[in-house]
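Residues per chain are reported as follows:
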Amino acid sequence: MTVYPCVKVNLGLNVLRKRSDGYHDLETLFVPSGEYRDVLEIIAGDDWSRTSASLFARYGAFSFSELSSSPSVPFPSGQEYGPGKPLVQAISEDGKLMITIARKEGVDWNPLDDLCARAYFLLDKDFDLPPVKIYLEKLSPVGAGLGGGSADAAFAIREIARLFDLGLDDAAMAGYAARLGSDCAFFIYGRPMFGEGRGEMLSDFPMPCLDGFELKIVVPDGISVSTADAYRGISPCIPEIPLRKVLMHPVSEWKDLLVNDFETTVFAKYPVLASIKQSLYDTGAVYASMSGSGSALFALYEKFKKGKI
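Residues numbered from 1 in each chain as written. Predicted model: local features only at pLDDT ≥ 70, side-chain atom pairs only at ≥ 80, totals over all residues. Heavy atoms only, no water.

**Side note on the sheet that holds strand β2 (residues 7-18)**
Here comes step 1: Taken in spatial order, the four strands make up an open sheet running β2-β3-β9-β10, and their pairing is antiparallel. One side of each edge strand has no neighbouring strand; the edge strands of this open sheet are β2 and β10 (201-204). Strand after strand, the sheet turns through a mean of 20° between neighbouring axes, direction not considered.
Here comes step 2: Two strands pair when backbone bridges link them, and strand β9 (residues 193-196) and β10 are joined in this way by four bridges, in the antiparallel orientation. (Pairing = 2+ DSSP bridges. Helix = DSSP H or I, 4+ residues; strand = E, 2+ residues; numbered from the N terminus. Axes fitted to C-alpha atoms, helices over the stretch in contact; angles between N-to-C directions.)

**What to know about the packing of aromatic side chains**
Here comes step 1: Evaluation of the coordinates by the stated rule reveals eight aromatic pairs.
Here comes step 2: Between phenylalanine 127 and tyrosine 176 the ring centres are 6.3 Å apart and the planes differ by 50°, which places this aromatic pair in the tilted class. Residue phenylalanine 127 is found in helix α2 (residues 115-127), and its partner tyrosine 176 is found in helix α4 (residues 170-178); the two are separated by 49 residues along the sequence.
Here comes step 3: On the accessibility criterion, tyrosine 176 (11% relative accessible area) is buried.
Here comes step 4: An angle of 65° between the planes, with centres 4.9 Å apart, marks the rings of phenylalanine 186 and phenylalanine 187 as edge-to-face.
Here comes step 5: Joined through ring pairs, the aromatic side chains of Phe30, Phe186 and Phe187 make up one cluster.
Here comes step 6: Just above the ring of tyrosine 23 sits the side chain of arginine 198; from NZ or CZ to the centre is 5.0 Å.
Here comes step 7: Directly above the ring of tyrosine 281 sits lysine 255, whose terminal nitrogen or CZ lies 4.3 Å from the centroid. (Phe/Tyr/Trp six-rings, centres within 6.5 Å; stacked < 30°, edge-to-face > 60°. Buried < 20%, exposed > 50% of the residue type's maximum accessible area, 1.4 Å probe, protein only. Lys NZ or Arg CZ within 6 Å of the ring centre and 35° of its normal.)

**Comments concerning the pairing of strand β4 (residues 39-44)**
Here comes step 1: Of all six residues making up β4, six are buried, and the element is well covered by its neighbours.
Here comes step 2: Across the two faces of β4 the burial is the same, with Val39, Glu41 and Ile43 and Leu40, Ile42 and Ala44 all buried.
Here comes step 3: Examined bridge by bridge, strand β1 (residues 2-3) and β4 share two bridges and lie antiparallel to one another. Note that in β4 the partner of threonine 2 across the bridge is glutamate 41.
Here comes step 4: The pairing of β4 with strand β8 (residues 132-137) spans six bridges and is antiparallel. The residue of β8 that forms the bridge with valine 39 is glutamate 137.

**Observations regarding helix α1 (residues 52-59)**
Here comes step 1: Buried residues of α1: Ser52, Leu55 and Tyr59, and no others. Buried residues of α1, viewed axially, fall in a sector of 60°; they line one side. The outward face of α1, more than 90 degrees from its buried face, is lined by the exposed residues Ala53 and Ala57.
Here comes step 2: Residues of α1 that are buried sit in contact with β4, β6 (85-91), β7 (97-107) and β8.
Here comes step 3: Once α1 finishes, glycine 60 follows within two positions and takes phi at roughly 90°, a positive value. (Arc of directions from axis to C-beta. Contact = heavy atoms within 4.5 Å.)

Written out as structure tokens, the structure is:
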């Protein structure tokens, strides 16, 4: 079965305090968006793939190599694939996982470090899974604050659980997902969720007010913001108005109330992002913001009144 991991945006992002474990407590509202979707297929080791032929035809040939399944193993020297190659493939040291990743802009990470592979390794420890093949076509932006990699991980957990009938409910799958990344668990649910703690503590937060708006995402070319760097410039603080209360205001009032704490430091380093945000308002957006730690921005337009960028 082929699935299509989506992305997310953050409606508000308050960094409240630094914790003793080095992480930060935050509050944010995660909202899914289908504007960008990856293509993910996971099949049992001997099954026939429905996507591989298409990937090879569109992205070209690859060089195959055995890599260790240990985290953060560098690309072997002298290999044909690596940074900049549009199609990469690797097999884990134990032979249980083969993963193929295609991306037009090139894949500059070890396939066995991809969050889809890490999702398989995580579940394999508890369930001794059969061999699988993973095919991922990466269409969502990388390093843009949209959570595409986290979505891939969550969808991989769901697919593996379904494929091998692991008997995991949403809460159990979210527990595994949270071990892979702070926003991974959100993608198990795929609906607006209020995130606290590192972002992994989730509660339902319906937003019917969004039904009257269209979401537009803008990903600036050539700007990728490191989440670690973004956090280094943050001065945590408790907001005067808690985020939950801000979100209860009409969308027309969000411009002056709903903030992303990362904008101050990220915009200082990349002023063009502030200019893009202003351009969204200039084209009729009711609300505009950076998503996560950037660099992507998004805007809400009243339906049937959306401006042009």
